[in-house]
Amino acid sequence: MQSDLKKRFLSRLSLKTILTIPYSLLIFFAIGMVSYTVYTKERTALNNVTSQLRDETAAHIQDHLVTLLNTPHQINQLNASALQIGRLNKENTEELQRYFLDQVKTYPAITSIYFGNSSGGLAGAGREGASGTLYVTETGDFQHGNFLKLYVDESGEKLTPPLSIVPNFDARLRPWYINAAQHGDAVWSEIYILFTGQDMALAASRPVYDEMNNTLLGVVSVDISLLQLSDYLKNLSFSSVGQIFIIEHSGALVATSNNEIIFKDTNNDGTKERIYAQDSQSALIRQSNKLLLEKYQAYENIPDEEQPIEFDLDGKKHFLQYFSINDKRGIDWIVVIAAPESAFFKNIDVGNRTALLLVLTALVASIGASFFIASKITTRIQQLEQSTNILAAGNWDHQINMDTRVVELQGLINSFTIMKDKLHHVMTELMSEVEEHKITETKLKEQRDFSSQIINLMGQGLTVLDEQGRFEFVNPGYAKLLGYEIEDLIGKKPKEVADPEEVEKINIQRKLRTAGKTTTYEARLVRADGSIATVLITGVPRGTEGNYKGAITVVTDLSERKRMEEEVRQAKDALQHALTREAHLARTDELTGINNRRHLFELAKSKVKVAARYQLSLSVIMFDIDHFKKINDHWGHSLGDKILMEIALVVQSEIRSSDLFGRYGGEEFIIFLPMTPATQAYTLAERIRKRVANLKVHSDDGDDVSVTISIGVIQMRTGPTPESLEELLQRVDKAMYDAKESGRNCIVIDDL
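Presented here is a report on the structure given in the accompanying data block. (Residues numbered from 1 in each chain as written. Predicted model: local features only at pLDDT ≥ 70, side-chain atom pairs only at ≥ 80, totals over all residues. Heavy atoms only, no water.)

A few words on unusual backbone geometry. In this chain, Thr-160 is followed by Pro-161 through a cis amide linkage whose omega measures 0 degrees. Tracing the sequence through the fold places Pro-161 in the loop between strand 4 (145-151) and strand 5 (164-169). Of note, Asn-168 is a non-glycine position whose phi angle comes to about 55 degrees, a positive value. Note that Asn-168 resides in strand 5. For Arg-744, which is not glycine, the phi torsion reads 70 degrees and is therefore positive. (Helix = DSSP H or I, 4+ residues; strand = E, 2+ residues; numbered from the N terminus.)

Written out as structure tokens, the structure is:
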């Protein structure tokens with residue numbers, strides 16, 4: 001029964017169907033197997049290349065960081081040795097500045113180098129982060145006091161006026177000095193934001209001891225810029241497909257490869273704070289940080305060795321790899337490398353779609369071809385059958401002219417007929433292919449014409465260089481940018497239209513392209529009228545691997561962007577100046593120009609803290625103008641204001657630059673005297689009392705008005721439980737009121 005059904009089914013199939021279906025299925029299977037094999041091998045190979053690229057990137061970053069972080073400490077060690085053996089004169093500010101300035105010029109990654117001595121003085125040199133302008137720093141007489149920052153010219157000569165002046169500067173109170181002195185060895189500072197708000201920096205410090213008696217001579221320190229570290233990460237080839245960032249174990253960002261500003265004014269009060277990875281503008285950085293915390297619960301639990309991780313972000317697969325950078329001096333960073341899988345498999349996906357289209361096209365063409373061939377074969381068989389039937393019927397007039405029934409002759413005639421039909425079929429297909437070739441050439445010409453229109457109309461410059469580095473082609477955009485005619489540029493080399501200072505850079509970029517690498521860099525080109533055009537050049541090598549045929553470059557004019565950047569910089573400088581002036585007004589008394597109460601107490605806390613820590617003497621003077629209310633009531637407040645200003649000038653002329661002087665309130669004033677016993681403070685108070693008593697202030701009525709003051713003097717009690725600022729104020733206030741009770745115009749000194 002089944003045999004009969006099978007025979008019936010097969011009997012209903014035409015010869016055309018039997019020839020077409022198996023042939024089409026075989027082609028589909030073969031193409032599918034080949035495509036699948038190629039696809040899997042491509043993904044495996046690209047996975048290996050991706051892993052190798054991440055590993056190589058991690059190794060490059062690790063080597064760069066080790067060199068970057070070792071250099072400041074090596075400089076400090078050299079400078080400390082030079083100071084110890086006397087090769088550098090630790091007392092000569094200018095010699096130290098020249099020496100440090102040469103080192104700053106030698107090491108581009110270094111922001112500043114300086115030395116603070118045991119007297120609180122400082123001498124150093126550095127470069128501005130944005131402009132690269134060189135400067136030196138110093139304190140008067142190499143002692144604690146006014147801090148000066150001055151630009152220098154190319155020969156190292158100081159330029160005036162000073163860039164900035166900081167009063168009452170004491171190097172011994174700076175964190176980098178205290179930190180190094182306490183550790184007794186090389187140490188890193190915390191990362192800090194420059195006062196200009198343009199960069200973050202990190203200071204490496206090292207104490208310098210006298211070789212004879214092992215006393216502390218001072219501290220040498222080197223600052224490095226973290227903005228340059230971000231630029232290094234951005235310029236890595238991996239950054240074009242993924243992102244690289246560095247964080248501390250607190251989660252604060254140290255550097256990124258995505259041009260992100262990693263510090264900002266969060267509270268809009270002029271104080272900039274660092275940004276944490278969880279608050280990054282980059283979704284990839286935020287997700288990578290979240291993944292690490294979810295995996296290890298805390299940054300401290302993250303192991304030092306490299307760990308590859310895969311995760312999904314917005315429905316797309318990503319790769320993540322990290323490793324730790326740390327040293328015994330305080331560096332403990334985590335370097336994270338992350339990239340989407342699509343960045344690596346983009347070309348494969350395009351190839352897969354193309355392959356699928358080719359498979360479908362081949363399948364359709366195969367089915368059509370098999371159907372066409374089957375139709376031809378069946379037609380010939382039908383004709384042969386008809387001819388055979390005609391001959392069998394005795395129709396000898398048939399065009400085949402078959403007049404014999406000899407089997408061999410019949411086979412020869414049939415073979416000839418089949419050969420003739422096949423030849424006709426082949427010629428028909430050949431003519432069809434020729435016609436298709438003509439259509440294809442027409443389309444290619446249209447595409448070339450369209451591409452030429454795009455190149456000629458594009459706003460950017462486009463050039464084609466031969467293997468000798470000469471222009472084979474330049475588009476109108478490039479010629480217009482430089483103000484030349486196209487024919488004037490053909491045959492020239494790029495360095496012939498470049499700023500002479502850029503020639504070395506252009507030669508280096510050409511060598512990189514000759515090695516098969518794509519390059520992107522900024523350069524300055526000289527226009528036909530002699531003006532300078534700042535451009536961004538991206539060069540792609542031509543030719544197969546190992547067979548360099550030249551390069552194609554795209555040139556973008558950056559002149560307008562540079563102008564806007566300069567305007568932004570000037571606006572920032574103006575804002576910084578305004579903020580500095582506002583901060584000064586917030587610290588000083590409006591009438592007398594001396595420290596106001598709030599700022600005086602802020603500075604005094606530091607003085608009290610230092611005196612308590614190092615068991616140093618500290619005296620405090622408080623005085624009040626006697627019968628000041630009567631003066632205001634009788635002669636008016638304008639005369640009272642004159643008296644306050646005159647007394648402030650008297651005190652300022654008597655005290656040292658390291659002393660603190662401020663208005664406590666109304667007619668009361670306070671003086672803090674570091675490293676001064678009460679006996680010396682009493683002597684100073686007596687001079688001030690006498691000078692104030694001898695003052696003659698002219699009233700509007702022409703009268704000469706004199707005043708006296710009552711003064712209290714105390715010395716800070718040190719020891720295991722030193723006095724606080726509040727306790728000092730209570731004691732000196734009592735001493736001053738005791739002076740008033742004693743008849744005024746006198747001094748009461750409180751016993752220790």
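Moving on to the side chain of Ser-288. As for its position among the elements, Ser-288 is in helix 6 (residues 283-296). Ser-288 gets classed as buried once you look at its relative accessible area, which sits at 0%. Side-chain polar atoms of Ser-288 contact the backbone oxygen of Leu-284, separated by 2.7 Å. For Ser-288, the residues in contact, after removing those within four places along its chain, are Phe-245, Phe-311, Leu-320, Val-336 and Ala-338. (Buried < 20%, exposed > 50% of the residue type's maximum accessible area, 1.4 Å probe, protein only. Polar contact = N/O pair within 3.5 Å; in protein donor to acceptor, adjacent residues only side chain to side chain. Contact = heavy atoms within 4.5 Å.)

Looking at where Ser-225 falls in the secondary structure, it is placed in strand 9 (residues 216-225). When near neighbours in sequence (up to four residues on either side) are disregarded, Ser-225 contacts Ala-109, Thr-111, Asp-199 and Met-200. Of the polar contacts made by the side chain of Ser-225, one reaches the backbone nitrogen of Leu-227; its length is 3.3 Å.

The strand order across the open sheet built from 5 strands is 18-17-21-20-19, with neighbouring strands paired in antiparallel fashion. Only two strands of the sheet have a single partner each, and these edge strands are strand 18 (471-474) and strand 19 (519-526). This sheet shows a mean twist of 30 degrees between the axes of neighbouring strands, independent of strand direction. Note: strand 20 (residues 532-542) against strand 21 (residues 550-557), 8 bridges, orientation antiparallel. In the strand pairing of strand 21, Leu-536 is matched with Thr-556. Against the sheet, helix 11 (residues 503-514) makes contact with strand 17 (461-465), strand 19, strand 20 and strand 21, and its axis sits at roughly 145 degrees relative to strand 19, the strand it touches most. (Pairing = 2+ DSSP bridges. Axes fitted to C-alpha atoms, helices over the stretch in contact; angles between N-to-C directions.)

Moving on: the pairing of strand 15 (residues 316-326). Taking burial as the measure, the 11 residues of strand 15 include 8 buried ones, the bulk of the element. The pairing of strand 14 (residues 309-313) with strand 15 spans 5 bridges and is antiparallel. The partner of Phe-311 across the bridge, within strand 15, is His-318. If you look at the hairpin formed by strand 14 and strand 15, you'll find 2 residues sitting between the two strands, and Asp-314 has a positive phi there, around 55 degrees. Here strand 15 runs beside strand 16 (residues 332-340); their pairing, made up of 9 bridges, is antiparallel. By the bridge assignment for strand 16, Leu-320 is matched with Ala-338. Counting the residues between successive antiparallel strands, the hairpin from strand 15 to strand 16 contains 5 residues, one of them, Gly-330, with a positive phi of roughly 125 degrees.

Attention now goes to a negative patch on the surface. A contiguous patch of negative charge on the surface is contributed by Glu-429, Glu-433, Glu-435 and Glu-436. Structurally, Glu-435 is set in helix 8 (residues 407-457). (Patch = residues over 30% accessible without salt bridge, like charges linked within 9 Å, V, L, I, M, F, W, Y side chains within 5 Å. Areas by Shrake-Rupley, 256 points an atom, 1.4 Å probe, with all protein chains shown as cover. Salt bridge = Lys/Arg side-chain N within 4 Å of Asp/Glu carboxyl O. Lys, Arg positive; Asp, Glu negative; His and termini not counted. Charge placed at Lys NZ, Arg CZ, Asp CG, Glu CD.)

This next bit is on the pattern of salt bridges. For the structure on display, the rule yields 28 salt bridges. Here Asp-700 and Lys-642 are joined by a salt bridge, their closest N and O atoms 4.0 Å apart. Linking Asp-700 in the loop between strand 25 (697-698) and strand 26 (704-705) with Lys-642 in helix 15 (residues 637-654), this pair joins segments that are 58 residues apart in sequence. Taking relative accessible area as the criterion, Asp-700 reaches 65% and is therefore assigned exposed. We note a salt bridge from Arg-731 to Asp-750, for which the minimum N-O separation is 2.6 Å. With Arg-731 in helix 17 (residues 725-741) and Asp-750 in the segment after strand 28 (747-749), the pair connects residues that are 19 residues apart, well separated along the chain. With relative accessibility at 11%, the residue Arg-731 sits in the buried group. Each member of the salt-bridge network shares a partner with another, and the members are Asp-499, Glu-501, Glu-502, Lys-505 and Arg-524.

The subject of this paragraph is empty space enclosed by the protein. Left-over empty space is what a probe sized like a water molecule reveals as it rolls over the atoms. For the structure shown, the criterion picks out 2 cavities of 30 Å³ or more. The computed volume of the largest cavity comes to approximately 120 Å³. What lines the largest cavity is Thr-463, Leu-465, Phe-471, Tyr-478, Pro-494, Ile-506, Arg-513, Tyr-521, Leu-525, Ile-537, Thr-553 and Val-555. Breaking the lining of the largest cavity down by element, the ones donating at least two residues are strand 17, helix 11, strand 19 and strand 21. (1 Å grid on protein atoms, 1.4 Å probe; cavity = no way out; pocket = protein on both sides within 12 Å on 5 of 7 lines; lining within 4 Å. Points joined across faces, edges and corners; volume = space filled by probe spheres on them.)

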